[in-house]
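# Inside the fold
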Amino acid sequence: MSTDPSSHTGQRTISIGTDRLVGTGGIRLLALACILVLTGSYVAVLYDITQVVGGSRSLFALVGLMLLAATVLARVIRPRTAGVLALSAAGIGFAYYLTSAGVELGVVLSSTDALLSDTVALATGLPLLRMVQAGIWTLGFAPAPVFLSWYLAVRGRYGLGVVPGGAALGFLVLTGDAGTIVTLTGILGAIGAIAFGDLERRGGSIGQADLLAVLFAVTIALSLSVTVVPGQPTGPTHLVQGGPGTLEATIDSAPQRSGISGQVDLSPEVRFTVESDRGTYWRTGVYDRFTGDEWVRTGQSQQYDGRLSNPPGTYDTVEQTVTAETRLGIMPVTPQPLSVDGDVTRDTAVSRHGQPRPEAPLEQGDSYTVESAIIDSSPAELRAAGTDYPDEITERYLQLPEDSSSEFADRTDEITAGTDNPYETATEIERHLRTSKDYSLKVSQPAGNVAEEFLLGMDEGYCVYFATTMTQMLREEGIPARYVTGYTTGQRIGEDEYVVRGLDAHSWVEVYVPDHGWVKFDPTPGGGRADVHTDRLQEARANGNDAADTEDSEDVPIDDGNGIDSPGSDPAGPGDPPSDPAPPNETEPGNGSTDDPGSNGTDNGTDPTDSGDPAVSGTSDTDETLSERLVTVVRETGAIGLVFLVALVAGAHRTGAATHLRQGIGRYWHGFRGDPDRDAERAFDRLEGLLARRYRPRRPSESARAYVTSLPETDADDADALDPRVWHVLECYERATYGDGVSRAEADEVIAIVDDLARNQLPIIGRLR
Amino acid sequence: MTDANPTPERSTDSPADGALRISTVERLCEEIETNVSNVIVGHDEVIEHVITAVLGRGHVLLDDVPGVGKTMLARSIATSVDCTFSRVQFTPDLLPSDVTGVNVFNQKTREFEFQSGPVFGNIVLGDEINRAPPKTQAALLEAMEEEQVTTDGTTRDLPTPFTVIATQNAVEPNRTYDLPFAEVDRFMKKLHLGYPSPDEEAELLGRTVGDHPIDSLEAVTDRETLVAARETVSTVQVAAPVRTYAARLAAYTREHAHIGVSPRGTISLLRAAQARAVTNGRDYAIPDDVQTEAPVVLSHRIKTDGRDRDGTAVVEDALERVPVE
């Protein structure tokens, strides 16, 4: 027996209709679907990671297997057994991860504090992508929550089933890998699972889900207005050189990441000076993992212990002393550093790639001395080096995003078709990029894989694009390569002294050569870059920007032969042999000298208003941006509007506003006619509405006849009298409901009566009649 | 209420075999009621209830103090419909055979002959039924349920119509055998006459000073017509909403009392409602019919554990709370 009290009246019939549509089975399906949504949310985060590091298929296979196993085992094993199974699955997964990460199991057990600190590091915002074996980690992470939550859901324990899934999602939120949308989806799934599970358990109907819809809408609206999900780790000690939108900031967006953005600016301010026998590129960061739109440095840094590993082959050493001219969050060194001396070494961390970095920013005037190894091998030696790469090198430096397209591989193959060895391949790629693309800071960031977009679709870009693309092309060819950031040589102001400014920020490529070590390649066209940089410095000087020069450098013309930042101007040519063969390097000084000579930029002085920002957004792409923005706005507004509409409808359903409205309209308009019996019933319902407004509503336990009888009789006061035709309507209603029905003519007559009565009650028309 | 709306003359043109038209039965009921009220002053509702019980093939239990006209009511109804009337005064020494009849040895034919007991009548008045021991009570109640009597292995059908109107003495409870709950359930209705109002009693006294009106009471119909009328009542339509409503009322009493209404009670309720529909000139029952009959049909089937709440209160609650379909 249904508990619905008055399924006979019009408005209740509808709710019963939807109940039939979505029965208890339907609610169960909805609850299970919500659990799947929750599972999907964190699996999607893991998938994003495997997209970068590989293993998507294994992940999907594993998740599918776990769902299948949970479905089958749900009817077989008890929850306790399932819990033990999930725990052991998680244990095996992480043991596997640790062994493949090169950590002995015994070590793990003996150094639980290290394990604990790793977990804390992850939970306080260390992105998963920074883990060395992120792919295997995801495989270890996924099975337990997927299995357990689905197992519990199939057994009908939705509330409990949300716990493992929610914990998994929560962990990914803490690591900062789960974005707002994914987190929101997961949370909505969790709420839905609990709510629908409860509805099923209490035998509720889908009609009661309106409250849930309101809850969803509130959740979405709140999360749109207040976002507390940490999207990016924000270390307070981290100092980004240069303001937002500058090339430096882009290259150096965070200690562990190097983003790729669109249009950037150049800062002319002096960062540091170097005293060195040789002018080289000053390296500040090394990155190994490419996600498609940014570079990530994997692995944890360690405290500098007095010595860095040295390259495998023969090398020269060079000593340089670096003095910070501003607050500096980086530690520029000549690659490859062997040791660092100075006060700052106490607070120096060294990444897994051998790059030192200050743990606290260097203050102006801080200085340190670095001894570096300069690989001094001839091209012939490098050509003959072969491809016998150590395992740890191939493991780390051959990563490509999983979704790399075959066009990219084909194009790379095409470019490197005529080469016999890795060194030649690298040289060819470098040459190709230098000659086929132009240098420009005014680019808009492409969607998708930056390396692919740049190689296949773009004509110009800056060093980040060139270096990223070259690294990926090399990896495509099976040559270990890494993306490095830093500064170019800078302005030479004395025999062995260099001034390095923000605009010297650069990124380039290091290629691993067996028995020699990391060799530098710079695929960025030198000429265009030098032009842009010189212009920028001259403007800054013209505007009297004091920070653009040191005391020594301001009197030195920028084109005095030690032209800014050109690697080719390196007086110690042999120190940079790999890039030497490429002719553009050599042309750079020439390019520099074609610029307005002997000037401090006075005659190049431009309008002060725009001089500070040569890279203001070009008007060319304003329209595009506007329309794009418009589309985005419309889409977002639409989505938010939809959310509120759902909330409104559900709220109306909850409060019965819709029913009232329908009744209100229904009182005056009969609607479409159908079966005479239903019409007679509907007519009486309308009459009841009219009478309720005039006298009192009918109580549920009151029969129709008892109700009408209780109303004032016809012989009462005229104004309050009950129309005698009401009896006829009641009669027909009773016959239609309880008897053997009414004829069409009778039904029409009754409708006409009620129509007439309703019109009499209309405030205006009723008075006119 | 009946006067306020015209009676439809539809679907009564071709009554089933042996059945009468609804309007005929309606008129018949009015005639019986008018006739009986010549004898019984006041108590119009009780008279109507007894008539609908007779039409709905039920039996009636009158629970009252002595001397309020229980016997007179039963007799006047029996007379009005021209049926045989018999009366059994239940006493503590009454035997079952005193009710059902007994095989007597006939000296002439030298055979046993069945001397039928008072139960073989169309309308049987069982007076003070709770004075007889349970065994004797059971004999009557069995006859009520089966509409047949078995003595010495021979089963004999009781006449049609067969209606028992039993009275129960509400005073002197220590000298009575309370009817078992299961047996009370066999009565369709339990009614109370109660004392007449002073005006009614004055009129009653005026009528009975001379000849008692029961002596001059004449039949308004005959037995065959009554049987046909009962046939008509059984054809009255009870739509699904009404059935559901009755079932919910019963369910309510089961939830809110120690022992609620049995399915037999629900069946009785609908039969009474059918008869009630006919007396109102309808060939279909409406919730109002159920509501009218529910207090007298359901109350005595409910056993409450509380002292302050009886079956009547539970039924009142049910009518107040259960929504009408």
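Residues numbered from 1 in each chain as written. Chains lettered and ligands numbered in written order. Predicted model: local features only at pLDDT ≥ 70, side-chain atom pairs only at ≥ 80, totals over all residues. Heavy atoms only, no water.

- The name recorded for chain B in an unreviewed UniProt entry is ATPase associated with various cellular activities AAA 3, from Natrinema pallidum DSM 3751.

- In the nomenclature of an unreviewed UniProt entry, chain A corresponds to Transglutaminase domain-containing protein from the organism Natrinema pallidum DSM 3751.

### Considering the packing of aromatic side chains
Residues and elements named next belong to chain A.
- In this structure the tally under the stated criterion is 19 aromatic pairs over all chains.
- Between the aromatic rings of Phe454 and Phe466, the centroid separation amounts to 5.0 Å while the plane-to-plane angle is 75°, which identifies the pairing as edge-to-face. With Phe454 in helix H17 (residues 450-457) and Phe466 in helix H18 (residues 463-476), the pair connects residues that are twelve residues apart, well separated along the chain.
- Residue class for Phe454 comes out buried when judged on its relative accessible area of 0%.
- Centre to centre, the rings of Tyr462 and Tyr465 are 5.1 Å apart; their planes meet at 85°, and the pair counts as edge-to-face.
- For Tyr462, a relative accessible area of 0% puts it in the buried group.
- A relative accessible area of 0% means that Tyr465 is categorised as buried.
- What links up through ring pairs into an aromatic cluster is the set Tyr287, Phe290, Trp295 and Tyr483.
- In this structure, Lys520 is placed above the aromatic ring of Tyr281, and the distance from its NZ or CZ to the ring centre is 3.4 Å. (Phe/Tyr/Trp six-rings, centres within 6.5 Å; stacked < 30°, edge-to-face > 60°. Helix = DSSP H or I, 4+ residues; strand = E, 2+ residues; numbered from the N terminus. Buried < 20%, exposed > 50% of the residue type's maximum accessible area, 1.4 Å probe, protein only. Lys NZ or Arg CZ within 6 Å of the ring centre and 35° of its normal.)

### Quick look at the UniProt feature "transmembrane region" (unreviewed entry) in chain A
All names here are of chain A.
- Annotation from UniProt places "transmembrane region" (unreviewed entry) at residues 29-47, 59-77, 84-108, 128-151, 158-175, 181-199 and 211-231.
- Secondary structure over residues 59-77 splits into 79% helix and 0% strand, and the C-alpha atoms at its two ends are 25 Å apart.
- Across residues 181-199 one finds 100% helix and 0% strand; the C-alpha atoms that close the span lie 26 Å apart. (UniProt positions renumbered as here; feature names shortened; annotations may be inferred.)

### Thoughts on a negative patch on the surface
- Taken together, the side chains of A:Glu275, A:Asp277, A:Glu319, A:Asp341 and A:Asp496 define an acidic patch exposed on the protein surface.
- Residue A:Glu319 is classed as exposed on the basis of its relative accessible area of 52%. (Patch = residues over 30% accessible without salt bridge, like charges linked within 9 Å, V, L, I, M, F, W, Y side chains within 5 Å. Areas by Shrake-Rupley, 256 points an atom, 1.4 Å probe, with all protein chains shown as cover. Salt bridge = Lys/Arg side-chain N within 4 Å of Asp/Glu carboxyl O. Lys, Arg positive; Asp, Glu negative; His and termini not counted. Charge placed at Lys NZ, Arg CZ, Asp CG, Glu CD.)

### Brief notes about the sheet that holds strand S8 (residues 163-169) of chain B
Residues and elements named next belong to chain B.
- What the five strands build is an open sheet, ordered S2-S5-S8-S1-S9; its pairing is parallel. Both outer strands of the open sheet, strand S2 (85-89) and strand S9 (189-191), are each paired with one neighbouring strand and no more. Pairs of neighbouring strands in the sheet enclose a mean axial angle of 20°, with direction left out of account.
- Pairing of strand S1 (residues 60-64) with S9, which is carried by three bridges, proceeds in the parallel orientation. Residue Leu62 lies in a different strand from S9, and its bridge partner there is Leu191.
- Running over the sheet, helix H3 (residues 70-80) touches S1, S2, strand S5 (123-127) and S8 and is turned about 170° from S5. (Pairing = 2+ DSSP bridges. Axes fitted to C-alpha atoms, helices over the stretch in contact; angles between N-to-C directions. Contact = heavy atoms within 4.5 Å.)

### A short note on the pattern of salt bridges
All names here are of chain A.
- By the definition in use, this model includes 35 salt bridges over all chains.
- Across the pair Glu363 and Arg327 runs a salt bridge, and its minimum N-O distance is 3.2 Å. A residue pair is termed long-range when its members are at least 10 positions apart, and Glu363 in the loop between strand S10 (356-358) and strand S11 (367-375) and Arg327 in the loop between strand S7 (315-324) and strand S8 (337-341) qualify at 36 residues.
- Overall, the relative accessible area of 38% leaves Glu363 in the partly exposed class.

### A few points about the sheet that holds strand S3 (residues 282-287) of chain A
Residue and element names in this part refer to chain A.
- Read from one edge of the open sheet, four strands run S3-S14-S17-S18, paired in antiparallel fashion. Each edge of the open sheet carries a strand with a single partner, namely S3 and strand S18 (517-521). Looking at each pair of strands side by side, their axes are set apart by 40° on average, direction ignored.
- Taken together, the five bridges between strand S17 (residues 505-513) and S18 define a ladder with antiparallel strand orientation. Across the sheet, Glu510 pairs through a bridge with Lys520, a residue of S18.

### Side note on the packing of helix H10 (residues 240-256) of chain B against helix H11 (residues 263-279) of chain B
Residue and element names in this part refer to chain B.
- Their axes nearest at 10 Å, the elements H10 and H11 cross at an angle of 140°. Judged by the inter-axis angle, H10 sits oblique to H11. Two packed elements cross with a definite hand, and for H10 against H11 that hand is right-handed. For the pair formed by H10 and H11, the contact residues are Val242, Arg243, Ala246, Ala247, Ala250 and Arg254 on the first element and Pro263, Thr266, Leu269 and Leu270 on the second.
- Tallied by class, residues from the contact of H10 with H11 come to seven nonpolar, one polar and two charged. (Parallel < 35°, antiparallel > 145°, perpendicular 65-115°, else oblique. Left-handed = near helix turned anticlockwise from the far one by under 90°. Nonpolar A, V, L, I, M, F, W, Y, C, P; charged D, E, K, R; others polar.)

### Observations concerning the nonpolar core
- By size, the foremost hydrophobic cluster in this structure holds 97 residues, and its most contacted members are B:Leu55 and B:Leu73.
- Ignoring any residue separated from it by four or fewer positions in sequence, one finds B:Leu73 in contact with B:Val36, B:Ile40, B:Val46, B:Ile47, B:Val50, B:Leu62 and B:Leu193.
- Core analysis: the next-biggest nonpolar cluster, separate from the first, contains 55 residues, A:Val43, A:Leu46, A:Trp150 and A:Val173 among them. (Core = buried A, V, L, I, M, F, W, Y, C linked by side-chain atoms within 4.5 Å.)

### Section: the side chain of A:Asp504
All names here are of chain A.
- Tracing the chain through its elements places Asp504 in the loop between strand S16 (497-501) and S17.
- On the basis of relative accessibility, which here comes to 0%, the residue Asp504 falls in the buried class.
- Within the structure, Asp504 has its side chain in polar contact with the backbone nitrogen of Arg501 (distance 2.8 Å). (Polar contact = N/O pair within 3.5 Å; in protein donor to acceptor, adjacent residues only side chain to side chain.)

### Remarks on helix H15 (residues 406-415) of chain A
All names here are of chain A.
- Among all positions in H15, only Phe408, Ala409, Thr412 and Ile415 are buried. Seen end-on, H15 carries its buried residues on one side only, within an arc spanning 125°.
- Against the buried residues of H15 lie helix H16 (422-436), H17 and H18. (Arc of directions from axis to C-beta.)

### Things to note about a nonpolar patch on the surface
- A cluster of nonpolar side chains, A:Leu642, A:Leu645, A:Val646, A:Leu648 and A:Val649, forms an exposed patch at the surface whose accessible area comes to about 490 Å².
- Looking at where A:Val649 falls in the secondary structure, it is placed in helix H22 (residues 622-655).

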